[in-house]
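Observations on the three-dimensional arrangement
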Amino acid sequence: MLHGESMRTIFTVLFLSNSIFAQHTMYVCGSISKGFVVGKKLEPSGLYIRNEAGGQPDFRHVGFSHPYLVTVASAPGDAATLYAAAGNGVIRMTAAGEHWRILTDWRHTEFQDVAVEAGAPARIYAASTDGVIASEDGGATWREASVGLRRRFIQTIAVDRTRAGRLLAGGEDGLYLSGDGARSWTPVKSPARMVTDIEQSPHDPAAWVATTQGHGIVISRDGGVSWRRLASVPADGFTWNNAGFSPHDPRTLATAAFSQGVWVSEDMGETWRDRSAGLPTRQVWRVRFDPDARGRLWASVHEEALFVSGDSGVSGWRRAGLDGSVALDLVFLPVKGVRP
Amino acid sequence: MLVALGLAACSGLWAQDEAGLEREFRARARTVLEAHASRRGAAVGYNTIAAALHLKQNAPWLSERTIEMLRDPWGDMFWQFPVIAVMYNDRGQLTPEARRRLRDAWRTYMPYRGDTENHWLLYYTSLYLAAQLYPNEPGSSWFTGKSSEENLSEAREYLYSWMDLTVTKGQGEYDCTHYIGVYLLPLSYLAEWSQDPVMRQRAVKMLQWLIADFAVELTGGAFGGSHSRTDDSAVLEPGVNVAADLAWLFFGLGKPSAGYGGYPLYYLTASAYRPPTVLHTLATERGTPYVHRERKRTRNRWRFTDEKHAPVYRTAYISRSYGVGSDQGGLLQPVQQHSWDLTWKVDDPAGVNNTIFSTHPYSGLYELQMYFTMHPDYAVEAVARSKRSYDSADKFLSGSPDEQIHQDLDTVVALYNIPEGTRFPHINGFFSKDLRELTETGTGERPGWIFARGGGAWIAYRPLAPYEWRSLEPHAWMPASSAGGRRLYSPHLRNGTVLMAAEQDEYPTLAAFRSAVEALPLEVTLDPAPAVKLRTLRGHVLEARWNEPLRVDGRAVTRENARLFEGPFVNGDARKMTIRHAGRELVVDLSDLAADVRR
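In this numbering scheme, every chain counts its residues from 1 along its sequence in written order. Each chain is given a letter, starting from A, and each ligand a number, starting from 1, according to the order in which they appear as written. In keeping with the predicted nature of the model, local features appear solely for residues at pLDDT of at least 70, side-chain atom pairs appear and are counted solely at 80 or more, and the whole-chain, interface and lining totals rest on all residues. As a rule here, side-chain values come from all non-hydrogen atoms in the structure, and water together with hydrogens is ignored.

Topic: the overall build of chain A
Starting at the N terminus, helices and strands are each numbered in turn, a helix being any DSSP run of H or I of at least four residues and a strand any DSSP run of E of at least two. For chain A, the count of helices and strands is 1 helix and 28 strands. A compact globule built from 340 residues should have a C-alpha radius of gyration of about 20 Å, and chain A, at 19 Å, falls within 12% of that. C-alpha extents for chain A along the principal axes are approximately 55 × 45 × 40 Å. The buried share among the 340 residues of chain A stands at 62%. Here, two residues are considered to be in contact whenever any of their heavy atoms come within 4.5 Å of each other. Counting only contacts in chain A whose residues sit at least 6 apart along the sequence, the fraction spanning at least 24 positions is 47%. In this description the radius of gyration comes from C-alpha coordinates, and the expected globular size is given by 2.2 Å times residues to the power 0.38. To sort residues, take the accessible area from a 1.4 Å probe on protein chains only and compare it with the maximum for the residue type: under 20% means buried, over 50% means exposed, and anything in between is partly exposed.

See the structure below:
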């Protein structure tokens, strides 16, 4: 275990070296909510971008303050444009977080997720409290895209980057698959209910992982057609907020739960190690591997701060900014519009 | 000839009434406006600026304070509507710099649109009026990124859609003691400031619709009965809240709260629409008791049901000295639902807890995830930060999935069937310090009737399961006025309450009332589920069983085909309401909305 000055030196070197070679911009979506009550002013919230100018991670708020900005996405090949899923709608903005335009109208509220079709940057899908909507023209117009959804609260939506028009969505009653650009959805055979997040492996497009509220973590090796629950993860009473693949190791996953902290698996979820030591609490909203540094893992701890580890949490964590925050998502988007 | 003379005489009297009512209303309005306009120092907010501008008290400090406040806008839709009041009451009084700052705020500050009906109505009303004030401007000059015309069009669509939903399925945030203010004030804005005469006309009709909905259930200045949303204070002190301020402003009922409230002020800075005389008599004349029924809807349900807007069936019995009101029970609104009570009339409501009811204090993720989008592990804590009683066993403000309520005239039967493992496995009955002649005929172990007088109402309250008395815990969220009251605490999962009432002049003494009630047959069953069979003071035999419709004199009462409003005075359904009272009639017809609504 490294402590104090030596730890700081290592981080400084790591961040300096990565700032030179960084291929991704790190966005944090969330709010500074510690001490907030309704009727009180909220600290600038919504979207933050990571700076590394001084060799230390630092996050600056960009764009409008928004109390409910859940995630951002961009089209592969178009790093200049971001799409945010937010309370006020799906919002288009520049990569620097400026020039916002709300693309949706009064019909949908409190968007939970947004995804952009690989190879078709004008094709956007958004998950809301009341179903899915899709746009074929960069958000200028939208169509309802909920045919086949038995329950319409959709928490997460993801495109299959290797097959045009193929998507997975997860919500209250499980996982759904669409092969026709969200014109229709089919329930997927899965033990998952109350799905909180879905992610496709960056190494193997047939590998997917989904997290749930009360149903553990499920994994698919056949492109999301069939799923099995990971026996190594407790289900009842736990909400697993997300699980992410390491961009550098095809068998490594990290996951976070509000009560369980950060867990890491090096065998595709068959076994897990608790990597929460060094975090102030186990109330973790999100965990994400950094694509620009092998082993660098980020975690957002409820109303504490963002934390970062240089070795997937093995030798501890370092407070990295955004004190008092609830970070709903940590998103790495390619600087030049090319996905790794 | 005599008829003609009679009509002429009536017409003359009515004209006199109208003039008098108008004069009195304007006097009350002036009092509110002047009270807000006269504030100085740290108390000066947008309300003072708007009021002073409205009264044309042009002064340099109004512009200075406006500029100062706009340095750091916050408050979302609760920022938008005060700023709109300042912008539309400006009328050349503010400096060009203050006006420029007001305009620029709509480019530099993005208000959150919120997550519920009143938020959206405030947001879109404000956006509509801001866009109207600054037409032909590009998206770069608005926080939405949309042009003036796009903002105006979207806002208009929302407003018409909301109006149509309200007059076809009912409000989701129905009959609120507090939020009624933020439904009436945007409509007052639109009625006055919309340049579109159709919008203005519809806004006036919506004001009539909502004020009739409110007036018909008033007991003095108190808005009793079931509410989709109220708060810990108003539920125990029903004559002191925004609804009571409005009852005073509109109808001269009750007394206004200290400071007269902010929402009525904003209402008055715009159209200051005075409800017509038929609504005045509807609110103020309480002769023969009557039953008024309503169908409303739930707030948007996002999870756990296929029914986004489930029907809410409300019943109110309005008598001279008291009102009894209820919904059907269940989770109809998150967090702030109040499902039934008896509220008695008082002359001065300040500090008076003129109400009695029971509730199951429910708190849980099921409710929060049904109605909100929040993440599960943090949801209860997040709510309890702002709604401090939410996760308290002692609270009196709660809807519950384990409560079913039946009402026939002024008799209420509330049944509770609480599953094992429920967070708070008991019911709370509220017994005010302001009850008089309280007489307990049973014991905690062997419940009997509890008799009391509330103002001019005789009240009979029958707990169905054993109970104990507890003093009211001194929570910060409890109103100070509740001190001295008691909580009837009953820790039994299968449980219930029967309440009956009568006017004081129906029985000469409490003893006579007690004899009458005790002579009535009452059968109580608690296992395997609560059920009650009784004869009421009004002579009806009620059979209330868990999960079954109420049977009155052997006939099941179902409300599946209930209209939006049914009663002797207010009737309505499908975009049309008719109010008939004291020889007057008002028809509120919004049929033409249908053509303008896009779903």
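Comments concerning the overall build of chain B
When you go through chain B residue by residue, the secondary structure sums to 15 helices and 25 strands. For chain B, whose C-alpha radius of gyration is 25 Å, the value lies close to the compact-globule estimate of 25 Å for 599 residues. Projecting the C-alpha coordinates of chain B onto the three principal axes gives extents of approximately 75 × 75 × 50 Å. By sequence separation, contacts in chain B at least 24 residues apart represent 69% of the contacts at least 6 residues apart. Where accessible areas are quoted, they stem from the Shrake-Rupley method and a 1.4 Å probe; at the residue level, only the protein chains shown are allowed to cover. Total accessible area on chain B is roughly 21000 Å²; 51% of this is exposed by carbon and sulfur atoms. Each charge class in chain B was averaged separately, 66 positive and 70 negative side chains, and the resulting centres sit 3 Å apart. As used throughout, the charge tally considers Lys and Arg to be positive and Asp and Glu to be negative, leaving His and the chain termini uncounted. The location of each charge is read from NZ of Lys, CZ of Arg, CG of Asp or CD of Glu.

Remarks on the sheet that holds strand E18 (residues 217–220) of chain A
Residue and element names in this part refer to chain A. Within the open sheet, the 4 strands sit side by side as E16-E17-E18-E19. Their pairing is antiparallel. Whereas interior strands pair on both sides, the edge strands pair on one side only; in this sheet they are strand E16 (195–200) and strand E19 (228–229). Examined bridge by bridge, E18 and E19 share 2 bridges and lie antiparallel to one another. Looking across to E19, one finds that Ile219 is bridged to Arg228. Strand pairing is assigned whenever DSSP detects at least two bridges linking the two strands.

Remarks on helix H7 (residues 148–168) of chain B
One turn of the α-helix equals 3.6 residues, which is why residues spaced by three or four share an orientation. All names here are of chain B. Counted at 1.5 Å a residue, the expected span for H7 with its 21 residues is 30 Å, and the 30 Å between its end C-alpha atoms agrees. In terms of burial, H7 is largely enclosed, as 15 of its 21 residues are buried. The positive-phi residue at the C-terminal boundary of H7 is Gly170, with phi of around 95 degrees. The span you would expect from a helix comes to 1.5 Å times its residue count less one.

Topic: the packing of aromatic side chains
A pair of Phe, Tyr and Trp rings is counted when the ring centres sit within 6.5 Å of each other, with Trp represented by its six-membered ring. The angle between the planes then sorts it: under 30 degrees is stacked, over 60 is edge-to-face, the rest tilted. Scanning all chains against the criterion turns up 38 aromatic pairs over all chains. Aromatic side chains Trp248 of chain B and Tyr260 of chain B sit 5.6 Å apart centroid to centroid with 35 degrees between the ring planes, which places their arrangement in the tilted category. Taken together, the positions of Trp248 of chain B in helix H10 (residues 242–251) and Tyr260 of chain B in the loop between H10 and helix H11 (262–269) put the pair 12 residues apart, joining distant regions of the chain. An aromatic cluster of at least three residues, connected via ring pairs, comprises Trp106 of chain A together with Tyr123, Tyr124, Phe143 and Tyr158 of chain B. We count a charge as sitting over a ring when the NZ of a lysine or the CZ of an arginine lies within 6 Å of the ring centre and within 35 degrees of the ring normal. It is Arg202 of chain B that lies over the ring of Tyr160 of chain B; its NZ or CZ is 4.5 Å from the centre.

What to know about the packing of helix H3 (residues 60–69) of chain B against helix H5 (residues 96–108) of chain B
Residue and element names in this part refer to chain B. Only the contacting stretch of a helix is used when fitting its axis, a line to C-alpha atoms as for every element, and angles between N-to-C directions run 0 to 180 degrees. Packing of H3 against H5 brings their axes to within 9 Å, and their N-to-C directions diverge by 30 degrees. Accordingly, the angle class assigned to the pair H3 and H5 is roughly parallel. Considering how the two elements wind past one another, H3 and H5 form a crossing that is left-handed. Contacts between H3 and H5 involve Ser63, Thr66 and Ile67 from the first element and Glu97, Ala98, Arg101 and Leu102 from the second. Working definition: roughly parallel below 35 degrees, roughly antiparallel above 145 degrees, roughly perpendicular at 65 to 115 degrees, and oblique for all remaining angles. Each crossing is labelled by how the near helix is turned from the far one, with a counterclockwise turn of less than a right angle marking it left-handed and a clockwise turn marking it right-handed.

Considerations on the side chain of Gln336 of chain B
Residue and element names in this part refer to chain B. Here Gln336 lies in the loop between strand E5 (322–326) and strand E6 (340–344). Exposure remark for Gln336: the relative accessible area of 7% places this residue in the buried category. In terms of polar contacts, Gln336 uses its side chain to reach the side chain of Arg229, at 2.7 Å. Polar contact is defined as a pair of N or O atoms within 3.5 Å, subject to the rule that within protein one atom must be able to donate a hydrogen and the other to accept it, and that residues adjacent in sequence are counted only when both atoms are side-chain atoms.

Quick notes on the domain arrangement of chain B
All names here are of chain B. Each domain's limits were defined by an automated method or a database of domain assignments. Partitioning chain B into domains gives domain 1 (2–283) and domain 2 (291–571). A C-alpha centroid distance of 32 Å is found between domain 1 and domain 2. On the side of domain 2, 54 residues touch domain 1, which itself brings 43 residues to the contact. Here the buried area means the combined drop in accessible surface, using a 1.4 Å probe, for two parts upon being joined, counting both sides. Between domain 1 and domain 2, a total of about 3700 Å² is buried, with carbon and sulfur atoms accounting for 56% of that surface. In terms of surface lost to domain 2, no three residues of domain 1 exceed Tyr174, Asp232 and Leu236, which account for 18% of the buried area on that side. The term salt bridge refers to a pairing of a side-chain nitrogen on Lys or Arg with a carboxyl oxygen on Asp or Glu at a separation within 4 Å. Here Arg299 makes a salt bridge to Asp115, at a shortest N to O gap of 3.7 Å. Seen at the junction of domain 1 and domain 2, the total is 17 residue pairs in polar contact (both at pLDDT 80 or more). Elements supplying a minimum of two residues to the side of domain 1 that touches domain 2: helix H6 (117–133), H7, helix H9 (197–215) and strand E1 (218–219). Each residue gets one label: Ala, Val, Leu, Ile, Met, Phe, Trp, Tyr, Cys and Pro are nonpolar, Asp, Glu, Lys and Arg are charged, and the others, such as Gly, are polar. Residue classes in the side of domain 1 that touches domain 2 are distributed as 14 nonpolar, 17 polar and 12 charged.

Some details on the sheet that holds strand E21 (residues 253–257) of chain A
All names here are of chain A. A sheet is described by the order of its strands in space; here 4 strands give the open sequence E20-E21-E22-E23, paired in antiparallel fashion. Two strands bound the open sheet, and with one partner strand each, they are strand E20 (240–245) and strand E23 (273–274). Across 5 bridges, the pairing between E21 and strand E22 (residues 261–265) is antiparallel. Looking at the pairing, Thr255 lines up with Trp263 of E22.

Some details on the interface of chain A and chain B
In this complex, chain A contributes 43 residues to the contact, which on the side of chain B involves 41 residues. Surface buried jointly by chain A and chain B totals about 3700 Å² across both partners, of which 52% is contributed by carbon and sulfur atoms. The three residues of chain A that bury the most area against chain B are Lys41, Phe64 and Trp106 of chain A, which together make up 19% of that side's buried surface. Inspection of the chain A/chain B interface yields 6 salt bridges. In terms of residue class, the side of chain A that touches chain B is built from 15 nonpolar, 17 polar and 11 charged.

What to know about the pattern of salt bridges
Residues and elements named next belong to chain B. Taken as a whole, this structure holds 67 salt bridges over all chains when the rule is applied. The salt bridge involving Arg385 is made with Glu381; its shortest N-O contact spans 3.6 Å. Highlighted residues: Arg385 and Glu381, both in helix H14 (residues 376–386), separated by 4 residues, approximately one helical turn. The partly exposed category is assigned to Arg385, whose relative accessible area is 23%. Note on Glu381: relative accessible area 38%, which makes it partly exposed. Of the charged contacts in the structure, one is a salt bridge between Glu585 and Arg580, with a shortest N-O distance of 2.6 Å.

As for the side chain of Ser481 of chain B
With respect to the secondary-structure elements, Ser481 of chain B resides in the loop between strand E14 (468–471) and strand E15 (486–490). Residues in contact with Ser481 of chain B, not counting those within four places in the same chain, are Glu237, Gly351, Asn353 and Lys433 of chain B.

So, the confidence of the model for chain B
The predictor attaches a confidence to each residue, called pLDDT, with possible values from 0 through 100. Confidence in the prediction of chain B, expressed as mean pLDDT, is 95, and 97% of residues score 70 or more. This stretch, residues 1–9 of chain B, has a pLDDT under 50; its non-local contacts, to residues over four places away or in other chains, come to 0 contacts.

Let's talk about the nonpolar core
All names here are of chain B. Core analysis: the largest hydrophobic core is formed by 131 residues, its most contacted members being Tyr189, Phe214, Phe250, Phe251 and Ile579. Structurally, this core is a two-domain feature, drawing no fewer than three residues from each of domain 1 (2–283) and domain 2 (291–571). Once residues within four sequence positions are removed from consideration, Phe251 is found in contact with Arg28, Ile211, Phe214, Ala215, Leu218, Leu246, Pro275, Leu279, His280, Ala283 and Thr284. Buried Ala, Val, Leu, Ile, Met, Phe, Trp, Tyr and Cys residues form a nonpolar core when they are joined through side-chain atoms within 4.5 Å. With 34 residues, the next largest nonpolar core counts Val324, Ile418, Ala457 and Ala501 among its residues.

Description of the environment of Asp197 of chain A
All names here are of chain A. Within the secondary structure, Asp197 is located in strand E16. Relative accessible area serves as the criterion here: at 8%, Asp197 is assigned to the buried category. In this structure the C-alpha to C-alpha distance between Asp197 and Gly244, which are 47 residues apart in sequence, comes to 9.5 Å. Among all residues touching Asp197, those that are not within four sequence positions of it are Thr156, Val209, Ala210, Thr211, Asn241, Asn242, Ala243 and Arg286. For Asp197, the side chain forms a polar contact with the side chain of Arg286, separated by 3.0 Å.

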